[in-house]
Amino acid sequence: MDEHTIDVGGTPVFYRRRAGAGGDVLYLHSIPTSSDDWSELLELTGGIAPDLPGFGRSGKAAAYDYSLIGYASFVESLLDILGVSRVTVVGHGWGAAIGLAFAQRRPERVDRLVIMNAIPLLEGFRWPTIARWWRRPGAGELMMGSLSRWLLARLLRRGSVNPAAWPEGRIDAVWEHFDQGTQRAILRLHRSSDEAALAAAGEGLEHLDHPALVVWGDQDPWLAPSFADAYGQRLASARVERVPEAGHWPWLDQPQLIAHVAAFAAGAQAP
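Residues numbered from 1 in each chain as written. Predicted model: local features only at pLDDT ≥ 70, side-chain atom pairs only at ≥ 80, totals over all residues. Heavy atoms only, no water.

Trainee: Mind laying out the overall build of the chain, listing which residues take part and the relevant values?
Mentor: Scanning the chain from terminus to terminus reveals twelve helices and eight strands. The C-alpha extent of the chain, read off along each of the three principal axes, is 45 × 40 × 35 Å. Sorting the 271 residues of the chain into buried and exposed places 55% on the buried side. Nonlocal contacts in the chain, meaning residues at least 24 apart in sequence, comprise 71% of its contacts between residues at least 6 apart. Side-chain charges in the chain split into 25 positive and 31 negative, and the spacing between the mean points of these groups amounts to 4 Å. (Helix = DSSP H or I, 4+ residues; strand = E, 2+ residues; numbered from the N terminus. Buried < 20%, exposed > 50% of the residue type's maximum accessible area, 1.4 Å probe, protein only. Contact = heavy atoms within 4.5 Å. Lys, Arg positive; Asp, Glu negative; His and termini not counted. Charge placed at Lys NZ, Arg CZ, Asp CG, Glu CD.)

What follows is the structure in structure tokens.
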């Protein structure tokens, strides 16, 4: 697996890339993690996994556009620079929402979609309590600034069912990059869209007829599993797979999902 850092619109962007047997797969992580999320999947499918600006080893400039639209533009610029015309998008959380925003903008550049516990670009979503605090100027900064490694670990583990999902080494990797720049990116991303704006960002979902797999951990403490079904209704060719014994990171709680997602991303039909 190769690791690179390139300039995308004036921002240094770290990404991993591995050659695959089929088409390119683009992996998009959520908060507060990085491309580290995708190591096992990249080994199986090949593809491209960037650290989104503001996260991991990528640039964290104060003036960057940390918004859904800004990140969708980033995806298009990254693929242009890498000379990649079409991708299968695999995204989680905010990364899934970014992938869906990109797919609505440039549907001809997407082959397939896998979305896992995605931020809902749907009617009826309300920010969970922690996100409502992040959206408050001043209070959000105080909350972020008070997060210790122990509190971050507790938050990550709260989002999971399987105690093995977040071993110390994985938490160390997140904590290593959880600096002021990443904290700022998280706050600005959540403040960039209210619930109505998120729903508006999904207005074109019905026009996406790509084969899609919606995977959702039913025990996600922040995003209700009913949104998995809502995505299944809005995406024309989607299959919904709700995972009862999984939380916000379903493939970490249930590692057998890794091979399943990899097979779909590589072009196999969901069984």
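There is more to say, and it comes next.
Trainee: Talk me through the packing of aromatic side chains; I want residue IDs and the actual numbers.
Mentor: Tallied over the full model, the rule gives twelve aromatic pairs. Residues F125 and F227 carry aromatic rings whose centres are separated by 5.8 Å and whose planes lie at 75 degrees to one another, so their mutual orientation is edge-to-face. One end of the pair, F125, is in the loop between β6 (110-116) and α4 (129-134); the other, F227, is in helix α10 (residues 226-234), with 102 residues separating them in the sequence. Residue class for F125 comes out buried when judged on its relative accessible area of 2%. Residue class for F227 comes out buried when judged on its relative accessible area of 11%. Taken together, a centroid distance of 6.3 Å and an interplanar angle of 90 degrees make the contact between W222 and W249 edge-to-face. Highlighted residues: W222 in the loop between β7 (212-217) and α10 and W249 in the loop between β8 (238-243) and α11 (250-253), separated in sequence by 27 residues. Accessibility expressed as a relative area gives 16% for W222, which makes it buried. Judged by relative accessible area, which is 2%, W249 ranks as buried. Taken together, the ring pairs in this structure connect W94, F125, W127 and F227 into an aromatic cluster. (Phe/Tyr/Trp six-rings, centres within 6.5 Å; stacked < 30°, edge-to-face > 60°.)

Trainee: Break down the nonpolar core for me, citing the residues and quoting the values.
Mentor: Core analysis: the largest hydrophobic core is formed by 89 residues, its most contacted members being Y71, V90, L100, Y231 and L235. Apart from the residues lying within four places of it in its own chain, the contact partners of V90 are V25, L26, Y27, L28, W38, V114, M116, V261 and A265. (Core = buried A, V, L, I, M, F, W, Y, C linked by side-chain atoms within 4.5 Å.)

Trainee: Just give me the short version of unusual backbone geometry, but keep the residues and values in it.
Mentor: Cis peptide bonds are those with omega within 30 degrees of zero, and the linkage from I31 to P32 qualifies with -5 degrees. Inspection of the secondary structure puts P32 in the loop between β3 (25-28) and α1 (39-45). Notably, N117 is not glycine yet its phi reads approximately 40 degrees, a positive angle. You can see N117 is positioned in the loop between β6 and α4.

Trainee: Got a sec to walk through the environment of S58? Specific residues and values, please.
Mentor: Along the chain, S58 turns up in the loop between β4 (47-50) and α2 (68-82). For S58, a relative accessible area of 5% corresponds to the buried category. The spatial distance from the C-alpha of S58 to the C-alpha of T182 is 9.9 Å, given a sequence separation of 124 residues. In this view, S58 contacts P12, V13, F14, D51, L52 and P53; residues no more than four positions away in its chain are not counted. A distance of 2.9 Å separates a polar side-chain atom of S58 from the backbone nitrogen of F14. Only 2.5 Å separates the side chain of S58 from the backbone oxygen of D51, close enough to count as a polar contact. (Polar contact = N/O pair within 3.5 Å; in protein donor to acceptor, adjacent residues only side chain to side chain.)

This is a description of form; function is not addressed.
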